[in-house]
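Next come the chains, spelled out residue by residue.
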Amino acid sequence: MNKITLEGPVWLASDVHLGQHTVGTSEAFREFLKLAASEAKALLLPGDIFDAWIGDDVAVMAPPWLAQDLMAIKAAAAKIPVWLGRGNRDFLMGEALAAGLGARLLPEEVLISVGPRTMLLSHGDEYCTDDVAYQQFRAMVRNPAWQAGFLARSIPERLTLAAQARGESMVANQTKSSEIMDVNADAVAKAVRNSGVSIVVHGHTHRPGRNVMSVDGKICERWVLPDWDCDHKEGGQNDRGGWMVIDEDGPALFDLNRAD
Ligand code: LP5
Ligand code: MN
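The name that an unreviewed UniProt entry assigns to the protein chain is UDP-2,3-diacylglucosamine hydrolase, with the source organism given as Sheuella amnicola. The record in UniProt for the protein chain states the following under Sequence similarities (unreviewed entry): "Belongs to the LpxH family." The protein chain has a UniProt comment under Catalytic activity (unreviewed entry) that states "UDP-2-N,3-O-bis[(3R)-3-hydroxytetradecanoyl]-alpha-D-glucosamine + H2O = 2-N,3-O-bis[(3R)-3-hydroxytetradecanoyl]-alpha-D-glucosaminyl 1-phosphate + UMP + 2 H(+)".

Before going further, it helps to spend a moment on the packing of aromatic side chains. Per the stated rule, a full pass over the model turns up nine aromatic pairs. Ring geometry for Phe29 and Trp228: centres 5.7 Å apart, planes at 85°, overall edge-to-face. In this pair, Phe29 is assigned in helix 1 (residues 23-39) and Trp228 in the loop between strand 10 (218-224) and strand 11 (242-247), connecting sequence segments 199 residues apart. Considered together, Phe29 and Trp228 belong to a single accessibility category, that of buried residues.

With that settled, consider unusual backbone geometry. A cis amide bond, omega 0°, links Gly8 with the succeeding residue Pro9. Locating Pro9 in the fold gives a position in the loop between strand 1 (3-6) and strand 2 (10-12). Phi at Asp15 takes a positive value of approximately 55°, unusual for a residue other than glycine. You can see Asp15 is positioned in the loop between strand 2 and helix 1. For His17, which is not a glycine, the phi torsion comes out positive at approximately 60°.

Phe29, Phe32, Leu43, Leu45, Phe50, Val82 and Trp228 are the most contacted members of the largest nonpolar core, which totals 43 residues. Broken down by secondary-structure element, the contributors of at least two residues to this core are helix 1, strand 3 (42-46), helix 2 (64-77), strand 4 (82-85), helix 3 (95-101) and strand 11.

This part takes up the environment of His21. Within the element layout of this structure, His21 appears in the loop between strand 2 and helix 1. On the basis of relative accessible area, His21 is assigned to the exposed category, the value being 64%.

Conventions used here
- Residues numbered from 1 in each chain as written.
- Chains lettered and ligands numbered in written order.
- Predicted model: local features only at pLDDT ≥ 70, side-chain atom pairs only at ≥ 80, totals over all residues.
- Heavy atoms only, no water.
- UniProt positions renumbered as here; feature names shortened; annotations may be inferred.
- Phe/Tyr/Trp six-rings, centres within 6.5 Å; stacked < 30°, edge-to-face > 60°.
- Helix = DSSP H or I, 4+ residues; strand = E, 2+ residues; numbered from the N terminus.
- Buried < 20%, exposed > 50% of the residue type's maximum accessible area, 1.4 Å probe, protein only.
- Core = buried A, V, L, I, M, F, W, Y, C linked by side-chain atoms within 4.5 Å.

If you want it as structure tokens, here you go:
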């Protein structure tokens, strides 16, 4: 498995879900990028930074909302190394996008070493093995032949299909139990055994926190990154979002509302 050795502090954020209508989230994320560029030595973005990525060619004639977000990532990447990982909504991000931003792509699963610790990092959707319908969808859209066929379609066609897929996903999720949409303990244990680490970091499930588990008698930690939403504040809801900082003391999560 690939290993990236980094000097801390390393900052991580995922599941920001930037899109045309996420004005508040986009603004908060751009502020975060500025802060990361001045405070961190590297920035890792392991998936679902975009609500739907339909192909790197979209970045060439990007609509204003997207151009603004891409420029902010590029500005951060001019100051510190930035790594982009693919999530279940932006799995079509490719080398062209990364090169255009001055960033690098993360492998699907990767070991990250910071100081004395090595962690396993991924988006996290691969561990949701109880969600059989999702894993079937995942296998289909990760197939290179399917991707080539999809990318050969026009941009308007791809936008329509992506909107349909997002709509169907939201409907499907309403009928799935919370357990089905979380990681499967055996899948995580398998990843721990394969990688040899005792710290796993991922996003995707939108259940931020630190979970302790035992794998073959070894105490392990699974850290989950938060998702972001700064556009639905009705009912007195707070902005939602945050990031992880990994330094010599290990990982720690920071809430967007409590960061100063
Ligand atoms: O993303 P989220 O949080 O809603 O739910 C995910 C899983 N859903 C997905 C689907 C993505 O949201 C769609 C992203 C589109 C990217 C654009 C580019 C590619 C376009 C593809 C066009 C076909 O990842 C969801 C999980 C959940 O996480 C928790 O883990 O449960 O899984 C599903 O919803 C899968 C469904 O159960 C079955 C498949 C629904 C999609 C069907 C697509 C049909 C396309 C329409 C074409 C006519
Ligand atoms: Mn996801």
